[in-house]
There are 8 protein chains.
Amino acid sequence: MPSQTDNPPLGPGFADLGFARVDTAREARQGLPEAVYGPGKRVEDISAIVTRLLSDNSGPVMVTRIEPERARAVATDVPGSTYDARARLLSWRPAKPLAYDLTVVTAGTADGPVAHEAAAVARLVGLRTVLVQDVGVAGIHRLAHVTGHLRSADAVIVVAGMEGALASVVGGLVSCPVIAVPTSTGYGAGLEGVTALLAMLSSCAAGLTVVNIDSGYGAAIAAFRLAHSRRSRP
Amino acid sequence: MPSQTDNPPLGPGFADLGFARVDTAREARQGLPEAVYGPGKRVEDISAIVTRLLSDNSGPVMVTRIEPERARAVATDVPGSTYDARARLLSWRPAKPLAYDLTVVTAGTADGPVAHEAAAVARLVGLRTVLVQDVGVAGIHRLAHVTGHLRSADAVIVVAGMEGALASVVGGLVSCPVIAVPTSTGYGAGLEGVTALLAMLSSCAAGLTVVNIDSGYGAAIAAFRLAHSRRSRP
Amino acid sequence: MPSQTDNPPLGPGFADLGFARVDTAREARQGLPEAVYGPGKRVEDISAIVTRLLSDNSGPVMVTRIEPERARAVATDVPGSTYDARARLLSWRPAKPLAYDLTVVTAGTADGPVAHEAAAVARLVGLRTVLVQDVGVAGIHRLAHVTGHLRSADAVIVVAGMEGALASVVGGLVSCPVIAVPTSTGYGAGLEGVTALLAMLSSCAAGLTVVNIDSGYGAAIAAFRLAHSRRSRP
Amino acid sequence: MPSQTDNPPLGPGFADLGFARVDTAREARQGLPEAVYGPGKRVEDISAIVTRLLSDNSGPVMVTRIEPERARAVATDVPGSTYDARARLLSWRPAKPLAYDLTVVTAGTADGPVAHEAAAVARLVGLRTVLVQDVGVAGIHRLAHVTGHLRSADAVIVVAGMEGALASVVGGLVSCPVIAVPTSTGYGAGLEGVTALLAMLSSCAAGLTVVNIDSGYGAAIAAFRLAHSRRSRP
Amino acid sequence: MPSQTDNPPLGPGFADLGFARVDTAREARQGLPEAVYGPGKRVEDISAIVTRLLSDNSGPVMVTRIEPERARAVATDVPGSTYDARARLLSWRPAKPLAYDLTVVTAGTADGPVAHEAAAVARLVGLRTVLVQDVGVAGIHRLAHVTGHLRSADAVIVVAGMEGALASVVGGLVSCPVIAVPTSTGYGAGLEGVTALLAMLSSCAAGLTVVNIDSGYGAAIAAFRLAHSRRSRP
Amino acid sequence: MPSQTDNPPLGPGFADLGFARVDTAREARQGLPEAVYGPGKRVEDISAIVTRLLSDNSGPVMVTRIEPERARAVATDVPGSTYDARARLLSWRPAKPLAYDLTVVTAGTADGPVAHEAAAVARLVGLRTVLVQDVGVAGIHRLAHVTGHLRSADAVIVVAGMEGALASVVGGLVSCPVIAVPTSTGYGAGLEGVTALLAMLSSCAAGLTVVNIDSGYGAAIAAFRLAHSRRSRP
Amino acid sequence: MPSQTDNPPLGPGFADLGFARVDTAREARQGLPEAVYGPGKRVEDISAIVTRLLSDNSGPVMVTRIEPERARAVATDVPGSTYDARARLLSWRPAKPLAYDLTVVTAGTADGPVAHEAAAVARLVGLRTVLVQDVGVAGIHRLAHVTGHLRSADAVIVVAGMEGALASVVGGLVSCPVIAVPTSTGYGAGLEGVTALLAMLSSCAAGLTVVNIDSGYGAAIAAFRLAHSRRSRP
Amino acid sequence: MPSQTDNPPLGPGFADLGFARVDTAREARQGLPEAVYGPGKRVEDISAIVTRLLSDNSGPVMVTRIEPERARAVATDVPGSTYDARARLLSWRPAKPLAYDLTVVTAGTADGPVAHEAAAVARLVGLRTVLVQDVGVAGIHRLAHVTGHLRSADAVIVVAGMEGALASVVGGLVSCPVIAVPTSTGYGAGLEGVTALLAMLSSCAAGLTVVNIDSGYGAAIAAFRLAHSRRSRP
């Protein structure tokens with residue numbers, strides 16, 4: 001792959017920290033620096049990776065799913081951060097806003113943390129983001145009052161657990177891209193989000209796409225790909 | 001159980017045909033003769049069971065999931081039958097109508113066979129039944145035009161495959177009992193109806209109940225229990 | 001859906017609390033205010049939702065699956081509550097009794113918490129409820145002594161884990177609606193309630209309906225739909 | 001294992017037919033010659049194995065799950081056989097009867113083929129076997145009339161599909177060994193017998209044991225082990 | 001939803017054919033007429049639906065997964081069709097081309113039918129589509145020679161069965177939207193496409209989105225949403 | 001069932017403690033008092049049940065899976081108990097020994113707790129029990145040295161986790177009944193004991209029977225049924 | 001990857017046949033030409049691929065899982081082939097023998113087809129291969145008589161379905177590499193080979209490795225990697 | 001098995017510690033003493049087993065998955081140990097180095113603990129081991145810079161979670177044996193490592209072999225079998 005002369009990653013394209021090979025070419029290749037997944041990493045390792053990402057790139061850097069205490073420790077090591085506790089997102093150097101409107105809707109209040117992650121990541125990478133919560137189909141008239149937000153968006157992220165029916169309903173109402181995020185809310189037959197995942201993939205609304213369970217981050221990056229590719233094309 | 005003196009089944013309460021013990025006490029106990037599940041049974045065995053059920057009971061007798069050719073053979077053996085090809089239901093002696101309104105709705109045309117079974121069984125056992133097809137949430141405005149049928153019903157049966165979202169939407173709109181039937185339509189992540197089943201059980205609409213995959217028969221009998229218990233109570 | 005002139009929800013039909021859109025039209029639409037699922041919600045959010053539900057509706061308000069300590073905190077915020085520790089139910093303003101008899105039976109003592117939730121919710125919404133515990137099929141003669149409670153009921157809720165066989169036995173004995181609740185009791189092949197769930201859905205007793213694993217609340221609301229629809233019909 | 005001087009298999013203990021190593025020591029070791037599983041084997045291979053088993057042992061030889069046409073071909077090759085079409089069992093040289101009473105009960109008529117296999121194998125290996133069909137729990141009064149057969153047995157085999165509840169009920173009634181055979185009858189949530197299997201393993205009736213789905217043969221051999229070990233002990 | 005005055009679907013927005021409610025408002029709402037899923041429908045029903053869709057809309061109409069013989073019969077009923085045998089797609093009235101470049105890549109030759117469906121649907125709805133086959137990671141140098149097609153695309157659809165690894169590799173190379181389609185090719189641990197599905201959802205390449213197993217159609221419509229929303233925005 | 005005049009349970013046959021219906025007829029019916037499953041029960045409830053079981057029966061009474069601290073509290077309430085910490089079994093009034101030899105074998109040291117439960121329960125109910133640990137097939141020569149214990153037994157219980165292969169090997173060596181207990185030891189593909197369970201059910205050794213995962217208690221009671229039925233027959 | 005100057009694939013390294021990109025560099029890279037998986041491919045496509053593989057490589061070429069009739073058609077197109085019906089393998093140009101001894105053992109006769117595929121592929125690529133059939137653990141003394149073949153081998157492939165226990169037993173006896181192939185033989189709880197797969201992965205015998213269900217081909221190529229890497233190292 | 005005169009295990013070949021039968025013949029049979037799996041064992045039991053293994057063998061002895069505190073306690077009991085905290089491995093008496101080069105590669109930093117276990121065990125048993133971390137396919141150019149380590153190895157262990165795609169890519173690049181270790185890293189659709197496991201087994205790269213989820217130990221022993229068999233052959 002790096003054999004083509006016009007490809008961005010020249011030279012190794014990564015920084016070898018021993019325990020990690022930081023992909024410093026990702027920003028050139030995909031428009032965003034590599035993100036750091038927080039769980040299981042030591043504070044000093046996160047700080048080292050973030051420091052390197054900040055120095056080798058110019059765009060936003062983020063640590064996802066990091067709890068307040070560890071976030072504070074990293075923030076002390078690497079100045080200039082912002083922490084969003086509801087999204088569990090620690091970030092540096094937000095991107096310049098893009099002319100791209102994203103609406104994030106949730107089915108219930110329990111889907112909040114995942115939706116906050118999606119919205120916080122989306123804003124960090126430059127998307128104009130509206131978050132609309134708790135419009136699930138058990139009281140579908142609530143959805144009618146937010147169709148403006150849905151129809152005016154460039155893309156919609158639907159965050160829903162349990163049976164995930166909101167994704168199908170929204171998918172049938174709007175014409176723009178819809179990214180569905182199943183959540184692990186609910187119990188029993190919800191199977192920790194697997195039921196919502198399977199339901200969204202089986203949706204009768206054509207052209208819906210789906211990301212991993214609870215992956216607010218993944219949905220936001222999928223939206224960024226949409227915005228980025230529009231911008232970067234002549 | 002038969003030890004209580006006021007219980008209907010006195011004596012053995014069944015007919016021993018050797019290969020089968022026909023539960024002749026079921027009508028007295030539950031208001032309907034035993035039904036015969038067609039697949040895997042020989043024509044002569046079906047005919048023998050039906051003959052016995054007709055002689056020992058006074059209500060409707062039915063054979064479910066029986067294909068036209070075998071249905072014709074049984075119909076020749078046991079006169080007086082009606083065959084509904086879409087429902088694959090062979091039946092005798094329909095019940096007197098009850099003052100009970102049932103609406104059966106489907107999400108898509110592929111759910112038709114299961115919905116026809118539900119409607120045909122429901123009508124046979126005396127329920128006033130309306131069948132509304134193809135109002136799935138991918139075009140949810142179609143549902144708005146049938147809410148009259150939903151709101152005026154004593155009970156609603158929702159038949160849906162794929163992600164089964166229609167059950168949740170209907171469950172949130174009406175106040176009457178809702179019986180959801182997942183169907184094995186769709187492919188891939190639909191997992192032969194398991195996804196719709198799990199989704200309906202995880203529904204955010206409170207008080208929804210669910211029967212087995214493709215069980216139009218089961219849903220109709222559940223509705224009969226509702227009608228029967230209403231009638232039989234002072 | 002709200003476009004039909006005779007539909008109850010006029011105006012938005014919800015209260016926007018920012019983090020939640022409380023469905024204030026649910027009582028008009030379905031006969032009961034929205035219920036609050038306790039887990040994962042902050043005390044102040046629960047209190048705010050409950051306060052709004054009490055002010056915008058006239059019927060019973062409840063928080064399900066809330067542990068004693070958090071229940072006490074909410075009870076301090078919102079006066080007039082009752083707390084049932086076995087059912088983990090915090091509630092306000094019980095409904096007027098309906099002429100509807102519900103019997104809740106359990107297979108074993110371990111099914112107690114789910115059955116208590118079902119019974120407490122059912123009583124709160126106005127059903128006359130009898131709770132019969134520990135009549136599982138391993139000692140089926142115990143069931144014979146409670147058939148009076150089963151046969152005199154308008155509906156029966158069967159709560160059972162492990163293999164869930166009690167649901168089939170009860171389903172074959174009574175003619176009224178039977179709502180089966182699988183529980184996550186047991187271990188190993190019980191698969192956290194999935195086995196009981198699948199078994200109940202596959203029951204040889206016709207017309208059984210099933211709700212989600214451990215959902216005493218769901219079963220009680222399903223029973224309320226039965227009672228409510230009977231009452232509300234001419 | 002063959003290193004102990006008093007162990008039956010002396011010498012190789014098998015016949016090498018190239019495509020198969022026939023375990024000719026099994027009769028000495030376990031009281032019965034090896035059985036031949038029919039599916040997937042060529043007629044000439046079955047005939048060769050059976051011929052060898054007949055010559056190297058003195059007890060009953062059987063081919064299981066063999067359809068009529070192939071059974072006829074093998075019967076032509078190897079004289080002296082009996083074919084039971086309902087059980088799909090081809091056999092030679094039935095064992096002398098043992099003083100051991102086995103009752104095989106089924107939940108429904110669809111369980112017949114598996115129950116016939118169990119009964120036919122049991123009789124071939126010398127057990128006195130009664131087959132009681134169609135006493136499932138949907139009409140549990142039928143069971144009351146066969147408790148004599150259950151209580152007088154040395155062991156009971158319960159054959160049931162769907163939710164398999166009959167196994168638990170029988171397990172709670174009798175004190176003798178109960179061997180449960182789940183069957184792949186039913187549809188949808190029955191998951192081809194997996195639901196019955198899991199339900200039987202999770203049974204609330206203590207001391208139930210379970211064999212593979214549809215394995216009438218396995219249940220009969222389990223019963224033979226009971227009879228054989230009783231007989232062979234002083 | 002139809003209560004907002006500026007929403008496209010005025011009046012019922014569907015055609016009631018009895019067995020089906022054709023969503024005639026979908027083109028106005030989402031830019032494309034409803035598509036017809038072929039399996040399980042009768043020829044005359046397909047013809048009736050297609051005729052209605054052609055008359056009530058102006059854009060492309062299609063029947064998916066229809067085999068040659070039935071396609072011929074429908075084509076006779078409704079003139080003007082084109083049939084693509086590799087894609088099993090019968091269509092009428094292709095859309096005007098959009099300035100949108102889509103690249104469809106497959107991992108192996110067995111993924112061909114799904115990729116052909118994706119490409120044929122994409123071209124029908126107006127996307128400029130390149131199909132690149134058989135560049136799976138077992139010989140990853142093949143991919144290096146098509147990175148031009150990947151990097152110049154507005155969106156990429158990756159079609160792969162077995163372990164689906166191609167999706168992750170492509171997802172890491174390009175910055176545009178990537179839609180992954182798992183296929184049911186392979187055997188054993190591939191679990192009929194479920195393994196590829198789960199693997200794609202768990203991809204380490206950020207921002208990948210996934211559609212249902214074998215759903216070339218779903219992927220193409222997801223791509224259409226991207227193109228359509230870009231075009232329709234100021 | 002209790003309608004037959006020669007059946008042991010006369011009168012109700014249970015003690016109603018409110019929260020539990022103690023099956024006081026079980027000893028008459030099946031040879032052993034009901035056992036108490038410890039988890040999830042309160043100390044005072046356990047004590048009340050045990051007290052009743054001791055007074056209404058004459059045989060051994062046991063509480064399974066009870067940890068030391070709670071066991072001590074119950075032992076204080078109800079004198080005369082013995083506690084086996086490795087088996088987590090609290091018991092009263094051991095049965096008189098039966099002339100029945102049981103061998104319990106384990107595949108590895110991690111299977112110890114389940115095997116200890118099996119052995120402790122078996123001894124309590126009167127079986128002469130030998131426990132042979134750690135003879136798994138990874139070092140199969142270890143098994144050769146205990147074949148004496150296997151061949152001299154009336155029945156063998158095989159306790160094994162991971163792939164459970166020991167059950168098949170033992171099943172092929174002995175002629176007596178073999179009861180296999182899968183355990184939840186191991187990790188990953190062992191799936192918490194499900195793999196061993198499925199493997200034991202699929203065993204190539206004919207006539208093996210299986211109980212629930214980790215159910216040392218269930219295996220011991222299955223063995224008791226064997227011993228009891230032998231003793232109780234003329 | 002192709003960017004390193006000493007890597008074998010120079011130039012494109014594949015032949016673009018339109019419907020397929022034949023990996024002509026595989027032989028240089030991995031010691032063997034690409035193999036052709038037969039199912040789902042048209043005869044003319046297979047012939048075209050094989051022709052190209054023969055011309056661009058010097059080693060053995062094979063088509064796996066091809067039935068006699070289609071094999072004959074390909075053999076007519078491309079001369080010089082050999083067809084092994086038991087292995088369903090069509091091949092050209094066998095490799096020169098390597099000094100490497102492989103033993104393939106099976107648990108039962110039903111595992112034959114998979115074992116024949118493994119042996120035929122292994123021989124084609126140059127391994128000295130012995131096939132030992134039907135030594136499953138239900139009669140484990142049979143295994144004792146083939147330990148010579150096991151202990152003298154450079155590697156052993158164990159082919160087993162049902163519970164797959166033979167893999168663990170062999171894994172504990174020999175010190176050489178053991179490659180386990182689960183097969184889809186058996187029924188019910190065998191879950192089409194998934195049980196054997198999980199059991200082999202959970203084996204108590206350390207250092208066992210596993211390939212896909214029924215993949216005799218995969219096991220043979222894994223063995224070739226062992227032989228090839230030994231030969232190719234100084 | 002021990003009946004052949006030239007087999008290593010003479011006499012019992014194990015040490016009976018009561019709670020464990022230590023397989024003291026394993027070193028003679030397979031080249032390495034038995035390893036001790038740490039979880040669930042008491043410190044004194046581990047110390048006793050290790051002491052016996054050290055006295056009855058001459059090669060390396062190890063305790064796997066043991067946490068620092070318990071490791072310290074065992075180290076106090078049995079002198080001469082080394083503890084590797086990242087690998088959670090406590091060991092004694094490392095083997096003499098073999099002329100065998102192993103490369104362990106990981107997809108991400110979260111795979112570190114499993115890879116460290118693989119590397120530490122491999123080094124203990126004498127393999128020359130290089131550990132290359134964090135070269136997953138999301139930034140596949142990182143892999144290009146380590147192909148030297150891959151191509152010069154005698155065998156490669158690939159450690160990867162999530163979708164496990166790195167195994168397929170590496171499998172297609174090198175000709176030596178590749179042992180894939182799925183890890184339980186990731187969340188949601190990763191299903192605790194099951195997705196990576198299934199994906200690796202379904203890999204399009206021929207001849208890949210797979211071990212249990214998270215089993216760095218198993219992979220290292222599989223590599224030892226390769227090295228050992230090469231060394232031990234003439």
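Being a predicted model, the structure only gives us computed values, none of them experimental.

Draft legend 1. Quick look at the pattern of salt bridges. Within this structure, the stated rule accounts for 80 salt bridges over all chains. One salt bridge connects Arg 26 of chain D with Asp 23 of chain D, and the closest N-O pair in it is separated by 3.0 Å. Among the ionic pairs, Glu 117 of chain F bridges to Arg 65 of chain F, the shortest N-O distance being 3.5 Å. Residue Glu 117 of chain F is found in helix α4 (residues 112-124), and its partner Arg 65 of chain F is found in the loop between β4 (61-64) and α3 (68-77); the two are separated by 52 residues along the sequence. The same class applies to Glu 117 of chain F as to Arg 65 of chain F, namely buried. What emerges from the salt-bridge pattern is a single network uniting Asp 23, Arg 26 and Arg 29 of chain A.

Draft legend 2. Main features of the domain arrangement of chain A. All names here are of chain A. Looking at the assigned domains, one finds that chain A contains domain 1 (14-92) and domain 2 (101-232). In this structure, domain 1 and domain 2 have C-alpha centres spaced 25 Å apart. Contacts between the two partners involve 15 residues from domain 1 and, on the opposite side, 14 residues from domain 2. With both sides pooled, the region where domain 1 packs onto domain 2 buries about 1200 Å², and carbon together with sulfur makes up 67% of that total. For domain 1, the biggest contributors to the area lost against domain 2 are Leu 32, Arg 65 and Arg 86; these three give 34% of the whole. Counting across the interface, domain 1 meets domain 2 through one salt bridge.

Draft legend 3. Here's a closer look at helix α2 (residues 43-56) of chain B. An ideal rise of 1.5 Å per residue puts 20 Å on 14 residues; α2 of chain B measures up with 20 Å between its terminal C-alpha atoms. What α2 of chain B keeps buried is the set Asp 45, Ile 46, Ser 47, Ile 49, Val 50, Leu 53 and Leu 54 of chain B.

Draft legend 4. Examining the interface of chain A and chain E more closely. Counting residues at the interface gives 43 residues for chain A, matched by 43 residues for chain E. The contact between chain A and chain E buries some 3800 Å² in all, and 51% of this surface belongs to carbon and sulfur atoms. Connecting chain A to chain E are zero salt bridges. For the pair chain A and chain E, the number of links is 15 residue pairs in polar contact (both at pLDDT 80 or more). Counting residues per element, the ones that place at least two in the side of chain A that touches chain E are α1 (26-30), α6 (147-151), α7 (165-173), β10 (178-182), α8 (194-201), β11 (209-210) and α9 (216-232) of chain A. Considering every element that reaches the side of chain A that touches chain E, the biggest residue donor is α9 of chain A, with nine residues. Grouping the constituent residues of the side of chain A that touches chain E by class yields 20 nonpolar, 16 polar and seven charged.

Draft legend 5. Up close: the relation of the copies chain A and chain E. Superposition record for chain A on chain E: RMSD 0.0 Å, screw rotation 180 degrees, translation along axis 0.0 Å. Taken together, the turn and the small shift mark the pair as related by a two-fold rotation axis. When the interface residues of chain A are mapped onto chain E, 100% of them again fall at the interface, so both copies present the same face.

Draft legend 6. Summary view of the sheet that holds strand β6 (residues 89-92) of chain B. Residue and element names in this part refer to chain B. Within the open sheet, the four strands sit side by side as β3-β4-β6-β5. Their pairing is mixed. Single-partner strands in this sheet number two, and they are β3 (36-37) and β5 (81-84). As defined by bridge partners, β5 adjoins β6 across four bridges and the pair is classed as antiparallel. Across the sheet, Thr 82 pairs through a bridge with Ser 91, a residue of β6. Most of the contacts of α2 go to strand β4 (residues 61-64), to which it runs at about 155 degrees, and overall it touches β3, β4 and β6. Lying over the sheet, helix α3 (residues 68-77) contacts β5 and β6, oriented at roughly 15 degrees with respect to β6.

Draft legend 7. Structural detail: helix α4 (residues 112-124) of chain A. Residue and element names in this part refer to chain A. Between its first and last C-alpha atoms α4 spans 18 Å; for 13 residues at 1.5 Å apiece the expected length is 18 Å, and the two agree. Buried residues of α4: Gly 112, Val 114, Ala 115, His 116, Glu 117, Ala 118, Ala 119, Ala 120, Val 121, Ala 122 and Leu 124, and no others. The first or second residue beyond α4 is Gly 126, which carries a positive phi of 110 degrees.

Draft legend 8. Examining the sheet that holds strand β4 (residues 61-64) of chain C more closely. All names here are of chain C. Reading across the sheet, the four strands line up as β3-β4-β6-β5 and stay open at both edges, with mixed pairing between neighbours. The outermost strands of the open sheet, each flanked by one partner alone, are β3 (36-37) and β5 (81-84). Taken strand by strand, helix α4 (residues 112-124) contacts β4, β5 and β6 (89-92), and its axis lies near 5 degrees from that of β6.

Draft legend 9. Summary view of the interface of chain G and chain D. The interface is formed by 16 residues belonging to chain G together with 24 residues belonging to chain D. Counting each side, the surface lost to burial between chain G and chain D is near 1500 Å², with a carbon and sulfur contribution of 57%. When the buried surface of chain G facing chain D is broken down by residue, His 141, Arg 142 and Tyr 187 of chain G rank first, second and third, together holding 41% of it. Run the count over chain G and chain D and you get zero salt bridges.

Draft legend 10. Molecular detail of the arrangement of the chains. Separated in space, chain A and chain F share no contact, their closest pair of C-alpha atoms being 16 Å apart. The closest approach of any C-alpha atom in chain B to one in chain G is 16 Å; the two make no contact.

Draft legend 11. Representation of the side chain of Ser 229 of chain D within the structure. Mapped onto the secondary structure, Ser 229 of chain D falls in helix α9 (residues 216-232). For Ser 229 of chain D, the side chain forms a polar contact with the main-chain oxygen of Leu 226 of chain D, separated by 3.2 Å. Look past the residues within four positions of Ser 229 of chain D in its chain and what remains in contact with it is Asp 154, Cys 176, Pro 177 and Arg 230 of chain F.

Draft legend 12. Fine view of the packing of helix α2 (residues 43-56) of chain F against α3 of chain F. All names here are of chain F. For the pair α2 and α3, interaxial distance at closest approach is 9 Å and the crossing angle is 45 degrees. Here α2 is positioned oblique relative to α3, judged by the angle of their axes. The element α2 and its partner α3 pack so that their crossing is right-handed. Residues Val 43, Ile 46 and Ser 47 of α2 pack against Arg 70, Ala 73, Val 74 and Asp 77 of α3. Within the contact of α2 with α3, the residues separate by chemical class into four nonpolar, one polar and two charged.

Draft legend 13. Representation of the relation of the copies chain G and chain D. Expressed as a screw operation, the relation of chain G to chain D combines 0.0 Å of axial shift with a rotation of 90 degrees, fitting to an RMSD of 0.0 Å. Seen this way, the second copy is the image of the first under a four-fold rotation axis. In terms of proximity to the rotation axis, the leading residue of chain G is Leu 191 of chain G, whose C-alpha is 7.9 Å off the axis.

Draft legend 14. A look at the packing of aromatic side chains. In total, this model carries eight aromatic pairs over all chains according to the counting rule given. The interplanar angle of 20 degrees and the centroid separation of 5.9 Å between the aromatic rings of Tyr 187 of chain A and Tyr 37 of chain C together place this pair among those described as stacked. Linking Tyr 187 of chain A in the loop between β10 and α8 with Tyr 37 of chain C in strand β3, this pair reaches from one chain into another. One residue, Arg 65 of chain E, lies across the ring of Tyr 187 of chain B, its end atom 4.2 Å from the ring centre.

Draft legend 15. Structural view of unusual backbone geometry. If you check the backbone angles, Leu 191 of chain C has positive phi at about 50 degrees while not being a glycine. As for its position among the elements, Leu 191 of chain C is in the loop between β10 (178-182) and α8 (194-201). According to the relative accessible area criterion, Leu 191 of chain C is partly exposed, its value standing at 31%. Its identity as a non-glycine residue notwithstanding, Arg 65 of chain H has a phi of 50 degrees, on the positive side. Using a relative accessible area of 13% as the deciding quantity, one classes Arg 65 of chain H as buried.

Draft legend 16. How the structure looks around the environment of Ala 15 of chain H. Residues and elements named next belong to chain H. Structurally, Ala 15 can be placed in strand β1 (residues 15-16). Judged by relative accessible area, Ala 15 falls into the buried class, the value being 2%. Sequence spacing of Ala 15 and Val 61 is 46 residues, and the spatial spacing of their C-alpha atoms is 15 Å. Each residue touching Ala 15, except ones within four places of it in the same chain, is listed here: Ala 20, Arg 21, Val 22, Thr 24 and Arg 52.

Cut-offs used in this document
- Residues numbered from 1 in each chain as written.
- Chains lettered and ligands numbered in written order.
- Predicted model: local features only at pLDDT ≥ 70, side-chain atom pairs only at ≥ 80, totals over all residues.
- Heavy atoms only, no water.
- Salt bridge = Lys/Arg side-chain N within 4 Å of Asp/Glu carboxyl O.
- Helix = DSSP H or I, 4+ residues; strand = E, 2+ residues; numbered from the N terminus.
- Buried < 20%, exposed > 50% of the residue type's maximum accessible area, 1.4 Å probe, protein only.
- Domains from an automatic or database assignment.
- Contact = heavy atoms within 4.5 Å.
- Buried area = accessible area lost by both parts, 1.4 Å probe.
- Expected span 1.5 Å × (residues − 1).
- Polar contact = N/O pair within 3.5 Å; in protein donor to acceptor, adjacent residues only side chain to side chain.
- Nonpolar A, V, L, I, M, F, W, Y, C, P; charged D, E, K, R; others polar.
- Least-squares fit on C-alpha atoms with pLDDT ≥ 70 in both.
- Pairing = 2+ DSSP bridges.
- Axes fitted to C-alpha atoms, helices over the stretch in contact; angles between N-to-C directions.
- Parallel < 35°, antiparallel > 145°, perpendicular 65-115°, else oblique.
- Left-handed = near helix turned anticlockwise from the far one by under 90°.
- Phe/Tyr/Trp six-rings, centres within 6.5 Å; stacked < 30°, edge-to-face > 60°.
- Lys NZ or Arg CZ within 6 Å of the ring centre and 35° of its normal.

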